[in-house]
There are 2 protein chains.
Amino acid sequence: MTYRAPISDMLLALNHGAGLQAAVKAGHYGDYDADITAAVLEEAGRFATEVLTPLDRTGDQHGARLQDGRVTTAPGWAAAYRRWTAAGWNAVSGPEDFGGQGLPLAINAACTEIWSASNIAFGLCPLLTLSAIEALTAHGSDALKKIYLEKLVSGEWSGTMQLTEPQAGSDVGSLRSRAERAADGSYRIVGTKIFITYGDHDMTDNIVHFVLARLPDAPAGTKGTSLFLISKFLVNADGSLGARNDIHASGIEHKLGIHASPTCTMTMGDEGGAVGYLIGEENRGMQCMFTMMNQARLGVGLEGVGVAERAYQRALAYAQERKQGRAVGKSGDGMDAIIVHPDVKRMLMQMRALTAAARTICYATAVALDVAARATDPDVRAAAAARGALLTPVAKAFSTDIGNEVASLGVQVHGGMGFIEETGAAQHYRDARITSIYEGTNGIQSIDLVTRKLGGDGGAAVWALLDELSATVKRVEASNDPAFGATGTKLRDALGSLERASKWLLERLVSSPNDALAGATPYLRLFGSTLGGCKLAEEALAARDLGDEFGDSRRYVTLTRFFAENVAVQAPALERTVIDGADAVNSADAVLLS
Amino acid sequence: MTYRAPISDMLLALNHGAGLQAAVKAGHYGDYDADITAAVLEEAGRFATEVLTPLDRTGDQHGARLQDGRVTTAPGWAAAYRRWTAAGWNAVSGPEDFGGQGLPLAINAACTEIWSASNIAFGLCPLLTLSAIEALTAHGSDALKKIYLEKLVSGEWSGTMQLTEPQAGSDVGSLRSRAERAADGSYRIVGTKIFITYGDHDMTDNIVHFVLARLPDAPAGTKGTSLFLISKFLVNADGSLGARNDIHASGIEHKLGIHASPTCTMTMGDEGGAVGYLIGEENRGMQCMFTMMNQARLGVGLEGVGVAERAYQRALAYAQERKQGRAVGKSGDGMDAIIVHPDVKRMLMQMRALTAAARTICYATAVALDVAARATDPDVRAAAAARGALLTPVAKAFSTDIGNEVASLGVQVHGGMGFIEETGAAQHYRDARITSIYEGTNGIQSIDLVTRKLGGDGGAAVWALLDELSATVKRVEASNDPAFGATGTKLRDALGSLERASKWLLERLVSSPNDALAGATPYLRLFGSTLGGCKLAEEALAARDLGDEFGDSRRYVTLTRFFAENVAVQAPALERTVIDGADAVNSADAVLLS
């Protein structure tokens with residue numbers, strides 16, 4: 001069953017829920033022509049439907065394979081990747097000086113959703129390349145940019161991010177890979193990295209690895225890590241490929257999902273050390289990494305949205321086809337499609353509402369990152385940067401949690417068929433599971449939200465957001481539209497809960513950090529549910545105002561209402577969990593270790 | 001990593017949470033010697049650890065295979081099954097007249113948890129045999145019992161239940177398999193069944209299939225189905241095996257999980273029709289099925305508990321071994337085990353609390369079914385039967401939802417390693433997923449709870465339960481134990497929510513059935529969370545009263561508190577979802593079909 005990009009939903013989310021239209025009008029996007037947004041998304045959707053979707057299942061079945069130190073991807077993948085880069089999709093938001101189209105991140109975010117929905121394992125490769133481009137653009141020397149950037153922007157070469165080692169996962173600072181200074185100003189790197197996404201593959205002629213390693217005289221921990229560019233093939237002065245560098249895939253993982261994406265163990269130094277070039281300054285590798293994290297984490301959040309949308313489309317189609325039982329009140333022969341049953345409707349509404357909320361949160365994050373980079377007014381930039389930093393962990397963790405929930409509901413809608421691999425619903429369920437883990441587990445995101453984002457500025461960014469959301473809720477209330485049901489009340493309650501929980505956490509961050517950390521996960525859920533509900537309301541209000549631009553606006557009002565009454569309604573309980581829950585969590589040893 | 005049955009938790013749940021001890025004292029269990037409970041569970045646990053756990057992963061990897069019409073199970077499985085039956089484990093609760101040990105269902109329920117935890121794909125085979133025994137015992141002729149019952153009770157032969165056809169899943173009445181009357185009083189059955197668990201395998205010499213089919217003159221729908229016993233090999237008068245019957249595995253599914261359990265397509269009639277014998281009366285097949293459903297559904301609920309316990313043990317061990325980061329306030333070299341981090345503690349507590357609650361709900365269901373079958377006072381039997389019927393859908397759906405949630409948390413605790421199949425956490429996640437689907441999807445369970453169980457007696461069984469739970473909450477409040485935190489308040493609120501939601505549903509069942517159906521799933525969750533919290537409180541109170549029989553009772557108090565403040569606290573929101581949510585669900589077409 002194919003995938004079709006939900007262009008109308010995406011445009012409403014992008015322009016109105018996420019505020020792209022307002023930001024363009026305010027001049028923050030320079031001369032960006034907002035009229036092209038729809039055309040770009042439609043073209044991306046067409047490519048995804050025609051080229052990427054058909055490879056999704058074959059990729060899952062075939063997987064990536066390692067033989068004689070080389071990784072081969074599934075049949076058809078290398079050709080599809082070349083068509084994809086030839087069509088310019090890798091370069092959407094790349095810097096114009098290096099061949100990129102310089103389009104907003106927000107547009108690329110919507111495209112990323114499309115690639116992830118049609119084929120998450122495929123879309124992951126360019127996601128890593130994007131991080132590489134960001135690292136190189138922000139911290140690379142002009143000489144390195146000149147050699148590598150254009151080919152990364154076009155996608156002719158792909159990128160990897162290499163942080164993890166067996167003993168260094170979430171605790172990146174404990175990595176042991178070693179870098180020695182060479183006489184020519186380059187470095188020789190020795191070590192082993194694990195879980196390297198697309199660490200090796202056959203879709204590009206060269207791969208540009210960004211590797212964290214430690215200099216001999218480096219301080220301990222994260223303050224002693226340096227970032228190096230290590231390309232699979234060395235590059236000659238004329239840009240042609242030279243000798244094979246001393247970095248090799250030495251293993252490939254057998255995973256629950258995203259089978260087509262090679263997850264490699266990378267070995268450096270079998271022949272004396274891989275030739276690497278410093279990115280940024282020595283011992284400042286983590287800072288370089290941090291600048292890339294916003295976009296990478298947002299990218300993973302968008303994977304959650306994409307896989308959720310795909311699972312929803314598949315379940316909806318099945319529910320309209322599969323006949324079992326009769327609707328209440330109907331009798332006589334024959335069966336109805338299962339979509340007539342209220343319990344099935346509930347599952348589909350839950351899937352759609354969660355997906356729509358996560359989508360808008362991710363897009364809003366992208367718009368904030370755009371404005372932070374593009375606006376001319378430094379105050380506007382600073383406020384947008386704070387907003388982008390605040391929303392990033394929510395976009396990542398809330399959206400990927402939702403990707404998993406929606407994929408699970410997708411299996412459930414299919415009944416027994418959902419458990420059979422041929423149906424396809426199970427693949428989404430398997431594929432989605434990694435998104436809550438990589439690029440910082442969702443627990444790490446929650447801790448980041450509480451400590452760095454809420455705590456970092458004493459709550460200022462949160463209060464600014466709450467003010468905006470409160471204004472949205474006022475507009476819902478002022479609409480006096482009975483179709484909103486209890487939406488206004490539920491969102492108002494949710495805002496109150498989020499405010500109280502935030503204040504409590506701010507206080508505990510100082511007085512008792514373990515209490516604050518114990519509540520991080522329910523706090524992020526509270527944050528995402530409240531934000532998501534308000535963003536959906538924003539969209540419903542816009543759809544009402546816009547007449548028929550987005551079809552009958554009733555559907556957005558009903559979807560918002562469903563979210564408010566079924567998801568945002570949990571906010572007061574989440575508030576209590578944050579506040580009351582710390583004692584039991586902090587007494588857990590008595591339970592767990594007895 | 002091995003599994004160890006949590007005997008102490010199981011005994012507390014069985015004897016105190018589920019009320020086995022009180023029922024024994026009240027004489028409802030006749031001469032059952034309660035002193036043997038612990039010994040049986042310990043022995044079962046030992047067998048599971050030594051024999052079944054090691055086969056769990058190899059079974060997943062190897063799977064079951066169909067070749068030339070025969071299914072072979074994974075290496076070692078047939079031998080393990082024979083050891084298991086030789087040790088008498090299939091016969092625990094079987095009828096004594098046919099070689100069974102006649103032990104309470106509650107004891108077998110605890111054993112079922114153990115088999116499922118150690119190897120869910122293995123434990124599934126005897127679960128089906130148990131249903132076959134129940135069908136034959138309740139509805140079979142003496143002649144059929146004489147031939148088949150003893151071998152089913154011992155497990156020398158296994159059983160299957162064959163309802164599903166491609167067009168007949170949840171809507172069983174639409175099945176098309178046909179039965180013709182033969183001159184000798186037997187029947188000839190022709191048709192195709194799908195999703196038949198252990199439909200063929202090599203662990204027993206014979207397989208006894210219980211197959212629903214339709215007579216030529218049968219009325220349409222469920223009222224026209226009849227149940228037939230069809231054995232793989234016909235049985236001669238002397239009990240020896242005769243000719244191969246005309247029923248064959250013609251396909252085997254490629255599934256998300258439980259790979260070692262063969263899920264077969266069964267074809268009957270390639271050679272004129274399978275010889276079948278009527279069970280019960282003609283056209284009363286569904287009634288025979290209904291009598292078995294309580295136990296089968298409880299069995300699946302116990303699979304949820306088992307896989308959750310297994311996932312918890314694995315995650316706990318990993319969290320104690322894996323070192324990353326430092327505890328708050330610690331500095332200097334070295335890393336701490338990740339269990340020091342509050343967010344990891346929270347995940348493990350969530351896993352343990354959910355598992356413990358689901359366990360006690362399942363055991364309480366088993367005790368009710370026992371008392372309904374064993375008590376001498378007809379009023380006691382009737383009340384227990386109503387309780388068992390009420391709790392069955394909750395035991396099935398709540399426990400299996402929890403099995404999935406806990407298995408997912410288990411993956412999450414492992415971080416990136418959780419996504420790697422070798423770690424083992426992913427297998428539990430895959431295996432658990434079917435439990436929410438088969439034996440009636442959890443949506444069907446919720447509808448059963450609302451329409452037949454709540455609605456069937458105008459709420460009488462629910463009110464009786466609420467009275468009991470309310471008394472428990474009173475005891476929590478009266479304890480004045482500060483370690484209970486907000487437990488009393490949260491459980492009291494939850495009881496109020498459950499009562500109000502129940503009343504609203506009862507009213508809507510009459511005035512607007514679609515409204516009631518729309519709230520079925522959140523209602524079941526509300527029911528399970530409230531019941532589970534109160535049952536944990538019952539256990540914590542018992543542990544306090546019993547001094548050190550169950551170790552430091554603090555751990556049970558803290559676990560109860562965690563559940564109340566993190567799970568039961570959602571009750572008011574679930575109540576509102578049941579009541580407010582119907583409108584949006586019933587307006588869903590405008591969203592889903594636009």
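- By the naming in an unreviewed UniProt entry, chain A is 3-methylmercaptopropionyl-CoA dehydrogenase, taken from Nitrobacter hamburgensis.
- What UniProt states about chain A under its Sequence similarities (unreviewed entry) heading is, verbatim, "Belongs to the acyl-CoA dehydrogenase family."
- What the UniProt record of chain A gives under Catalytic activity (unreviewed entry) is the line "3-(methylsulfanyl)propanoyl-CoA + oxidized [electron-transfer flavoprotein] + H(+) = 3-(methylsulfanyl)acryloyl-CoA + reduced [electron-transfer flavoprotein]".

**Concerning helix H16 (residues 554-566) of chain B**
Residue and element names in this part refer to chain B.
- Taking 1.5 Å per residue as the helical rise, H16 with its 13 residues ought to reach 18 Å, and the 18 Å between its terminal C-alpha atoms agrees with that figure.
- Of all 13 residues that make up H16, twelve are buried, and the element is covered over most of its length.
- All of the buried residues along H16 are Arg555, Tyr556, Val557, Thr558, Leu559, Thr560, Arg561, Phe562, Phe563, Ala564, Glu565 and Asn566.

**Considerations on the relation of the copies chain B and chain A**
- Superposing chain B onto chain A requires a rotation of 180° together with a translation of 0.0 Å along the rotation axis, leaving an RMSD of 0.0 Å. Both chain copies can therefore be described as sitting about a two-fold axis. Using C-alpha coordinates, one finds that chain B approaches the rotation axis most closely at Gln570 of chain B, a distance of 3.3 Å.
- An overlap of 100% is found between the interface residues of chain B and their copies at the interface of chain A, pointing to a shared contact surface.

**Observations concerning the pattern of salt bridges**
- Enumeration according to the criterion identifies 68 salt bridges over all chains in this entry.
- Arg359 of chain A is the salt-bridge partner of Glu113 of chain A, the closest N and O atoms lying 2.8 Å from each other. A residue pair is termed long-range when its members are at least 10 positions apart, and Glu113 of chain A in helix H5 (residues 105-139) and Arg359 of chain A in helix H8 (residues 342-374) qualify at 246 residues. One exposure class covers both Glu113 of chain A and Arg359 of chain A, and it is buried.
- Residue Asp583 of chain A is joined to Arg561 of chain B by a salt bridge in which the shortest nitrogen-to-oxygen separation is 3.3 Å. Remark: Arg561 of chain B occurs in helix H16 and Asp583 of chain A occurs in helix H18 (residues 582-586); the pair is interchain, linking two chains.
- The class of Arg561 of chain B is buried, set by a relative accessible area of 12%.
- Connected via shared salt-bridge partners are Lys490 of chain A together with Arg500, Glu575, Arg576 and Asp580 of chain B.

**Quick notes on the UniProt feature "domain: Acyl-CoA dehydrogenase/oxidase N-terminal" (unreviewed entry) in chain A**
- As recorded in UniProt, the feature "domain: Acyl-CoA dehydrogenase/oxidase N-terminal" (unreviewed entry) lies at residues 39-156 of chain A.
- As a span, residues 39-156 of chain A carries 69% helix and 5% strand, and end to end its C-alpha atoms are 24 Å apart.

**Some points on the state of the cysteines**
Residues and elements named next belong to chain B.
- Considering all chains together, one arrives at zero disulfides over all chains under this definition.
- Here Cys362 stays unpaired: no disulfide links it, and the sulfur of Cys111, its closest cysteine neighbor, is 14 Å away.
- Cys362 gets classed as buried once you look at its relative accessible area, which sits at 0%.
- Between Cys534, a cysteine without a disulfide, and Cys362, which holds the nearest cysteine sulfur, the sulfur-to-sulfur distance is 17 Å.

**Remarks on the interface of chain B and chain A**
- Taken together, the contact pairs 87 residues of chain B with 87 residues of chain A.
- Roughly 7500 Å² of surface becomes buried between chain B and chain A when both sides are summed, with 63% attributable to carbon and sulfur atoms.
- The class makeup of the residues in the side of chain B that touches chain A is 37 nonpolar, 29 polar and 21 charged.

**Observations regarding the pairing of strand E11 (residues 263-268) of chain B**
Residue and element names in this part refer to chain B.
- Where burial is concerned, most of E11 is hidden: six out of the six residues are buried.
- Residues of E11 alternate between two faces, with Thr263, Thr265 and Thr267 on one and Cys264, Met266 and Met268 on the opposite face, all of them buried.
- Both strand E5 (residues 187-197) and E11 contribute to a ladder of five bridges, which runs antiparallel. Residue pairing for E11: Ile196 is matched across the bridge by Cys264.

**A few points about the side chain of Lys193 of chain B**
Residues and elements named next belong to chain B.
- Looking at the secondary structure, you find Lys193 in strand E5.
- Its relative accessible area of 0% is what places Lys193 among the buried residues.
- At a separation of 2.8 Å, a polar atom in the side chain of Lys193 contacts the main-chain carbonyl oxygen of Leu212.

**What about the confidence of the model for chain A?**
- When pLDDT is averaged across chain A, the result is 96; 100% of the residues are at 70 or more.
- Taken over the whole predicted complex, pTM reads 0.98, whereas the ipTM for its chain interfaces reads 0.98.

What counts and how
- Residues numbered from 1 in each chain as written.
- Chains lettered and ligands numbered in written order.
- Predicted model: local features only at pLDDT ≥ 70, side-chain atom pairs only at ≥ 80, totals over all residues.
- Heavy atoms only, no water.
- UniProt positions renumbered as here; feature names shortened; annotations may be inferred.
- Helix = DSSP H or I, 4+ residues; strand = E, 2+ residues; numbered from the N terminus.
- Expected span 1.5 Å × (residues − 1).
- Buried < 20%, exposed > 50% of the residue type's maximum accessible area, 1.4 Å probe, protein only.
- Least-squares fit on C-alpha atoms with pLDDT ≥ 70 in both.
- Contact = heavy atoms within 4.5 Å.
- Salt bridge = Lys/Arg side-chain N within 4 Å of Asp/Glu carboxyl O.
- Disulfide = S-S within 2.5 Å.
- Buried area = accessible area lost by both parts, 1.4 Å probe.
- Nonpolar A, V, L, I, M, F, W, Y, C, P; charged D, E, K, R; others polar.
- Pairing = 2+ DSSP bridges.
- Polar contact = N/O pair within 3.5 Å; in protein donor to acceptor, adjacent residues only side chain to side chain.
- pLDDT = per-residue confidence, 0-100.

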